[in-house]
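Residue-level listing of the chains:
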Amino acid sequence: QVQLVESGGGLVQAGGSLRLSCAASRSILSFIAMGWYRQAPGKERELVAFITIGGSTNYEDSVKGRFTISRDSDKNTVFLQMNSLKSEDTAVYYCAARRSLLTATYDYWGQGTQVTVSS
């Protein structure tokens, strides 16, 4: 079975930076896309960023220019570098993997890591 384990969350001051990591139990290149979602209290889960098997990246408008998704394929790890953090970024961040174009949604999920941005 596929396991995704996030790490790197924590408390950071507004304007600061944080790097999240997602370690996968198998090659991340076996997925058509790896993504980062977040869910703030009382809000719906939203896709923040994703990277495709070909290396293309995409970002939610609210994080463009501040967040960067990247990967280390040799270590089966996906990263989310978060800079210029705002209080609005406070949420539980989830790593997710999509296995096929035939699937309607991301298929595998990590347990989440809390990111709290203080103002």
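So, here's what we can say about the structure. (Residues numbered from 1 in each chain as written. Predicted model: local features only at pLDDT ≥ 70, side-chain atom pairs only at ≥ 80, totals over all residues. Heavy atoms only, no water.)

Turning our eyes to something else, we now look at the pattern of salt bridges. According to the stated counting rule, one finds five salt bridges in the structure shown. Arg 38 serves as the salt-bridge partner of Asp 89, at 2.9 Å between the closest nitrogen and oxygen. Of this pair, Asp 89 sits in the loop between strand 8 (77-82) and strand 9 (91-98) while Arg 38 sits in strand 4 (residues 33-39), placing them 51 residues apart in sequence. Given the relative accessible area of 1%, Asp 89 is considered buried. On the basis of relative accessible area, Arg 38 is assigned to the buried category, the value being 6%. Put simply, Asp 107 and Arg 99 hold a salt bridge, and the shortest N to O gap is 3.7 Å. With relative accessibility at 44%, the residue Arg 99 sits in the partly exposed group. Via salt bridges that share partners, Arg 38, Glu 46, Arg 66 and Asp 89 belong to a single interconnected network. (Salt bridge = Lys/Arg side-chain N within 4 Å of Asp/Glu carboxyl O. Helix = DSSP H or I, 4+ residues; strand = E, 2+ residues; numbered from the N terminus. Buried < 20%, exposed > 50% of the residue type's maximum accessible area, 1.4 Å probe, protein only.)

Time to look at the sheet that holds strand 1 (residues 4-7). Here we have four strands laid out as an open sheet, ordered 1-3-8-7, and antiparallel in their pairing. Pairing within the sheet leaves two strands with one partner each, and these edge strands are strand 1 and strand 7 (67-72). Strand-to-strand twist of the sheet, defined as the mean angle between neighbouring strand axes without regard to direction, takes the value 15°. Relative to strand 8, strand 7 is paired through six bridges, and the arrangement is antiparallel. Residue pairing in the sheet places Ile 69 in a bridge with Leu 80 of strand 8. (Pairing = 2+ DSSP bridges. Axes fitted to C-alpha atoms, helices over the stretch in contact; angles between N-to-C directions.)

Across all of its chains, the model carries one disulfide by this definition. The partner cysteine of Cys 22 in its disulfide is Cys 95, sulfur to sulfur 1.9 Å. With the S-S dihedral at roughly -75°, the linkage between Cys 22 and Cys 95 falls on the left-handed side. Taken together, the residues span a long stretch of sequence, with Cys 22 in strand 3 (residues 18-24) and Cys 95 in strand 9 at a distance of 73 residues. (Disulfide = S-S within 2.5 Å.)

Treat this as a map of the structure, not an account of what it does.
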